[in-house]
Amino acid sequence: ATGARRELSLNAQHATIPAFMTVGGGRYYHHPSLMGSSFSCLRSNQICREYGTTSVRRKQTTDDDDDDYDEDRFGPLPVAPEGAPADSQVKSETLDWIRKVVIGLNLCPFADKPLRNKNLQVHVIRGNDDRTVAAEVLYRMLRHKEEPGTTVVVAPEYYPDDFEAYLNMVQYLEDDLMIENDLHGVVQLAPFHPSFQFQGTEEADIDNLTNRAPYPSFHILREDEVSSAVQKLKGDSSKVWNRNVRLLQNLQKTFGRQKAEKIMKGDEVDGIDQVLRDTKEEVEKEYDT
């Protein structure tokens, strides 16, 4: 990237995000400024009034039902580019990753509850148009003002090879749309990307794998549910973060970097259960001393 980078940290109010794999204590990079970019003209009222997306438009018909969608009125729905995986495949791969990696490796001890209770939703938005993606995520965040559970918005084509471009959107959502719509303190937004990188780390550092998902994704959580989950850790979400970093280090030490990366993508490898047990014992000893 050119120019100086500006570090945007998770502030104290939002430092307890489980977000499947807790990023509490972690920081992520953003471009130094959005001034002059296409984001400068994206206001939330314009998004909801003038454009909308699949979801914003559907709320005027029946949610997630293309049969009642008025294409003449709202224009064509975003569709997968030719040769790209279908929405159903994207959803399946994302849920498979959640089950095998997030829950299977116990990266977040609270992740299985919304899945078991069918309160975890995965929605796919196609293309890399800023307004389309912003509108989808905003609409899902607004719904969670009232609705319980958690939502993952997956944007397969939204800069899967450009982490910083993706984080421009994250910054816009957090610093503009969430403030304009009084969403801070109500919902939290956690970023996941195939090339995720925490501030202060090298691209190849093992702890970056905690937030590397199959596709660029935006994880939306309700603040009250996050707070309730963190209370089970006696208010210390850093325990999850520290445990996850230790687990990744142990996976790399035991299986090597290449196999550790495959494990974090959902591959099954003999011996994982033993590493999980050893990691649990190590972390418990640290907190007991």
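Residues numbered from 1 in each chain as written. Predicted model: local features only at pLDDT ≥ 70, side-chain atom pairs only at ≥ 80, totals over all residues. Heavy atoms only, no water.

Colleague: Just give me the short version of helix α7 (residues 163–180), but keep the residues and values in it.
Modeller: Over its 18 residues, α7 extends 25 Å from the first C-alpha to the last, a length consistent with the 26 Å expected when each residue adds 1.5 Å. The sharpest bend along α7 comes to roughly 35°, located at leucine 173. (Helix = DSSP H or I, 4+ residues; strand = E, 2+ residues; numbered from the N terminus. Expected span 1.5 Å × (residues − 1). Bend = angle between axes of the 7 residues up to and from the residue.)

Colleague: A description of the pairing of strand β5 (residues 187–192) should follow, citing residues and the corresponding values.
Modeller: Among the 6 residues of β5, 6 are classified as buried, and the element is accordingly described as predominantly covered. In the sheet, β5 pairs with strand β6 (residues 217–222) via 6 bridges, with the strands oriented antiparallel. Counterpart to valine 187 in the pairing with β6 is arginine 222. (Buried < 20%, exposed > 50% of the residue type's maximum accessible area, 1.4 Å probe, protein only. Pairing = 2+ DSSP bridges.)

Colleague: Describe the sheet that holds strand β3 (residues 120–124), listing the residues and the values that go with them.
Modeller: Here 4 strands make up an open sheet; going across it, the order is β3-β4-β6-β5 and the pairing mixed. A single partner strand is all that each edge strand has here, and the edge strands are β3 and β5. With strand direction ignored, the average angle separating the axes of adjacent strands in the sheet is 20°. Taken together, the 4 bridges between strand β4 (residues 150–154) and β6 define a ladder with antiparallel strand orientation. Bridging from a neighbouring strand, valine 154 pairs with serine 217 of β6. (Axes fitted to C-alpha atoms, helices over the stretch in contact; angles between N-to-C directions.)

Colleague: How would you sum up the environment of aspartate 278? Please name residues and give values.
Modeller: Position of aspartate 278 relative to the elements: it lies in helix α11 (residues 272–288). Counting along the chain gives 28 residues from aspartate 278 to asparagine 250, while the straight-line C-alpha distance between them is 8.7 Å. Here the side chain of aspartate 278 touches glutamine 274 through a polar contact of 2.8 Å, side chain to side chain. (Polar contact = N/O pair within 3.5 Å; in protein donor to acceptor, adjacent residues only side chain to side chain.)

Colleague: Tell me about the pattern of salt bridges, and name the residues and values.
Modeller: When their charged atoms lie close together, side chains carrying opposite charge are able to pair. Scanning all chains against the criterion turns up 9 salt bridges. In this structure, the salt-bridge partner of lysine 100 is aspartate 96, at a minimum N-O distance of 3.5 Å. Linking lysine 100 with aspartate 96, this pair stays in helix α4 (residues 87–103), spanning 4 residues, or about one helical turn. With relative accessibility at 38%, the residue lysine 100 sits in the partly exposed group. Classification of aspartate 96 by relative accessible area gives partly exposed; the value is 33%. Where arginine 257 meets glutamate 261, a salt bridge forms, and the shortest distance between an N and an O atom there is 2.7 Å. Highlighted residues: arginine 257 and glutamate 261, both in helix α10 (residues 257–263), separated by 4 residues, approximately one helical turn. Among the residues examined, arginine 257 registers a relative accessible area of 23% and is labelled partly exposed. Through salt bridges that share partners, Asp87, Arg126 and Glu157 make up one connected network. (Salt bridge = Lys/Arg side-chain N within 4 Å of Asp/Glu carboxyl O.)

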